[in-house]
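# A structural walkthrough
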Amino acid sequence: MFLYSDMFMDRIRHLAYAAEFAALIGLASFFVIPIGPVPITLQVLLIAFAGLFLGSRTAVLAVALYLLAGLVGLPIFAGGKAGLGVLLGPSGGYLVGFLFLAFIAGLARKGGFVVSLLVLVAALAACHACGIVGMSLTLNKTLVQAAHMDLVFVPADLVKVGLAYLFWRMTRGRFAR
């Protein structure tokens, strides 16, 4: 009988978690509040939770799988959109920023309450910075104008990362990883 090594099984487990979270992030994109060229979705909540729950590397893999699925045509971007045009549109900067959000949120696992929340705010800031640059480039706005447009997302996104932290604290240690 052939036994798989613990390292091999651990990699398989991480791939499975990444695929599950990629699907959850895709589902979260269907909860849309259309407020302009970039809608509000629940994706920030799921991506921050993925970073906390899975760690940086696996969370980035989950976001990369989500982005790849949307790029090849699965309608899993906000509002059921898909394709390269979405990545090159006003939401594209935020989609790229999701990778930074996932990675930096994964770093919040190691800190105490205050440090973890500060790291999550930094993760959110990195995502929003990418979104601001993306909106500036695609909507022919200055960075200041795009930053003003971005302000509408900040309160809800702060609540989402706070909820992600609370969910993580409640579930931490309940699942074998």
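Now for a look at the structure at hand. What you see is a predicted model; the values in this text were computed from it and never measured.

Definitions and cut-offs
- All residue numbers here refer to positions counted from 1 along the written sequence of the relevant chain.
- Two thresholds apply to this predicted model, a pLDDT of at least 70 for residue-level local features and 80 or more for giving and counting side-chain atom pairs, whereas whole-chain, interface and lining totals are computed over all residues.
- To get the side-chain values, take all heavy atoms of the structure and skip hydrogens and water.
- Secondary structure counts use DSSP, requiring at least four H or I residues in a row for a helix and at least two E residues in a row for a strand, with both numbered from the N terminus.
- The atom set for the radius of gyration is the C-alpha atoms, and the globule formula is 2.2 Å times the number of residues raised to the power 0.38.
- Only protein chains enter the accessibility calculation, which uses a 1.4 Å probe; a residue whose area is less than 20% of its type maximum is buried, one above 50% is exposed, and one in between is partly exposed.
- We call two residues in contact when some of their heavy atoms are within 4.5 Å.
- Accessible surface area values rest on a Shrake-Rupley calculation with a 1.4 Å probe, where residue burial reflects the displayed protein chains alone.
- Charge assignment in this entry is limited to Lys and Arg as positive and Asp and Glu as negative, and neither His nor the chain termini are counted.
- Working definition for charges: the position is that of NZ of Lys, CZ of Arg, CG of Asp or CD of Glu.
- Salt-bridge detection follows one rule: a side-chain nitrogen of Lys or Arg within 4 Å of a carboxyl oxygen of Asp or Glu.

To continue, consider the overall build of the protein. Each helix and strand counted, the protein has eight helices and zero strands in total. Listing the helices and strands of the protein from first to last along the sequence gives α-α-α-α-α-α-α-α. A compact globule built from 177 residues would reach a C-alpha radius of gyration of about 16 Å, and the protein, at 16 Å, matches this within 12%. Based on the C-alpha atoms only, the size of the protein along its principal axes is roughly 60 × 40 × 20 Å. Across the 177 residues that make up the protein, the buried fraction comes to 42%. Contacts spanning at least 24 positions in sequence make up 68% of the contacts within the protein whose residues lie at least 6 apart. Accessible surface computed for the protein: about 9,400 Å², of which carbon and sulfur atoms make up 73%. Charged side chains of the protein number 12 positive and 5 negative; the gap between the two group centres comes to 4 Å.

Taken as a whole and assessed by the stated rule, the structure comprises two salt bridges. Linking Arg 13 and Asp 10 is a salt bridge whose minimum nitrogen-to-oxygen distance equals 3.1 Å. Of this pair, Arg 13 and Asp 10 both sit in helix α1 (residues 6-28), three residues apart, roughly one helical turn. For Arg 13, a relative accessible area of 35% puts it in the partly exposed group. Here Lys 160 makes a salt bridge to Asp 157, at a shortest N to O gap of 3.0 Å. With a gap of three residues between them, Lys 160 and Asp 157 both fall in helix α8 (residues 154-171), about one helical turn apart. Exposure class is identical for Lys 160 and Asp 157. Each is buried.

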